[in-house]
Each structure stands twice: as C-alpha cells, then as structure tokens.
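Chain by chain, the residues run as shown.
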Amino acid sequence: MNEGRGSTIDRREFLLRASATAAAMAATLRGAPARALQAGSTLSLPPLPYSQNTLAPHISETTISIHYGRHHRAYVQNTIKLIAGTDFEKLALEEIIRKASRQPDWAALFNNAAQVFNHTFYWHSMKPGGGGEPSGKIGERIKESFGSHQKFVDAFSSAAASQFGSGWAWLVDDGDKLRAVKTANADTPLTMSLKPLLTIDVWEHAYYLDYQNRRADYIKAFSDQLLNWEFAEKNLA
Ligand code: FE
C-alpha cells in the first residue's frame, strides 16, 4: 500500500498552530503510552495491553496477530534500521517523528516511526467491553464540543469512513475543543499540534479479514463495543 505523505488536515491550519509552545508539546506527550516515549536506540515493540483474542468477535485473534505481530513489528524493525548510526538514534520516538516530518529525505523514517506511535496509540484506544457513552470529564468535553454523544459518534464515524484509502481517524483536543479528524497513511496529529485522545486504524489490514470491504461495520463495532474512554480521559490535559 501507499506509504506516501499527505494529510487530509488543512495545512494552513497546521501552520497557524505552529506557534504552539514546547510546554504544549510536553503536555501532549504526557498522554502517550509510556513505552512509546522510549529513546530510539532502545526502541522495541510495545506489549499489547490485552491478549490477542480479547477483542473477539469484534476484532478476531487472527487480525490482531497479523496486525500487531507482523505490521506493527515491521514498523518497529524498519525504524530501528533507519535510525541506526544517525542522530535520530538518541531521540525519543515522538522527537524522531517530528524531526523526520520536516525532512523529505527522511520520509521513509517518518512513515515507519509514525506508524509505530499510531499503532501503539490504537491498541490502547480499545478494550474489551468498551464503547458506549462516556461519563466524567471526557463525557463533559464530548457534550461541550459535539453537542451530544451521538453527534460525536456521527462525526468520528464520518471521518473514519470518508478517509480515502489508508489512514486514521482521531479524537483530538485542539486546545479549545475536541474534534474528530482524519489523517492519510502514516500522518499523525503529533506533527500538527493537536493532542490525540483516541484513534481508529482504517488501513484495510485492520479490518479486512473480519469485515472485508464493510469498513462501516468495523467502525460501528469500534464505537459501540471497543472504544476505551478511560484512555481518552487520561490523555486529556
Ligand atoms: Fe495498522
């Protein structure tokens, strides 16, 4: 599949947000899975937060086994190879992603490193017995930003369904409100000064064995049965 760059988030918006402070960046990192913060030189495949058969029947053990054990592992291995002997080796994963995103010569490194982060974030965005309407602070922010839980589901599902080809849909905090956005290929909110709260992988390898071309059914299962609101709440500032 195409590993090329190109986000569906408006690039002018990205430039407007480029003045975000280092403190805001650090706040973004606080919500990331701890193992994703490891320095590049010690990069390894982070453990799944559950066993590979736990999300069935919504996502099968076979899908998780291939998606985590082959795709995610390959992104980690490729990143390790690409940073070997370079200045990137000393950097944490998020720093590698941000630095490589500004250098066309490092597009392959950006794609693989961003996919390491995105996949780790995706595994944590799901849990068995998840989904439904959230309570607590995240529930309040969802209602403030979208009007209702159902309007959030509609916006998030629309972003995920309308991403043409491979990519991701995200719930992000843009500082003022929560938004549902989509990114193409390996692109990630980390390079756009948007704080990621949740994500769904809509590359075909995430759902094709279980749902074939029925991406909408996979998205519905994610929202109704798997979505990990505790992880989203933890990622709020
Ligand atoms: Fe994937």
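Refer to the preceding data block for the structure.
Residues numbered from 1 in each chain as written. Predicted model: local features only at pLDDT ≥ 70, side-chain atom pairs only at ≥ 80, totals over all residues. Heavy atoms only, no water.

Draft legend 1. Main features of unusual backbone geometry. Cis rather than trans, the peptide bond between Ala56 and Pro57 has omega equal to 5 degrees. Note on placement: Pro57 falls in the loop between helix H2 (22-30) and helix H3 (61-83). Phi angles above zero are rare outside glycine, and Asn185 is one such case at about 55 degrees. Looking at the secondary structure, you find Asn185 in the loop between strand S2 (178-184) and strand S3 (195-201). Its identity is not glycine, yet Gln212 carries a phi of approximately 50 degrees, on the positive side. Position of Gln212 among the secondary structure elements: in the loop between helix H8 (208-211) and helix H9 (215-226). Exposure remark for Gln212: the relative accessible area of 35% places this residue in the partly exposed category. (Helix = DSSP H or I, 4+ residues; strand = E, 2+ residues; numbered from the N terminus. Buried < 20%, exposed > 50% of the residue type's maximum accessible area, 1.4 Å probe, protein only.)

Draft legend 2. Expanded view of the coordination of the iron ion. Coordination of the iron ion by the protein is provided by His67 (NE2), His119 (NE2), Asp201 (OD) and His205 (NE2), with metal-donor distances spanning 1.9 to 2.2 Å. One can describe the site at the iron ion as tetrahedral: its four donor atoms subtend angles covering 89 to 133 degrees at the metal. Between consecutive donors of the iron ion, the numbers of intervening residues give the motif H-x51-H-x81-D-x3-H. Judged by relative accessible area, which is 0%, Asp201 ranks as buried. We classify His205 as buried; its relative accessible area is 16%. (Donors = N, O, S within 2.8 Å, 3.2 Å for Na, K, Ca; no water. Tetrahedral: all angles 85-135°; square planar, octahedral: opposite > 155°, others 65-115°.)

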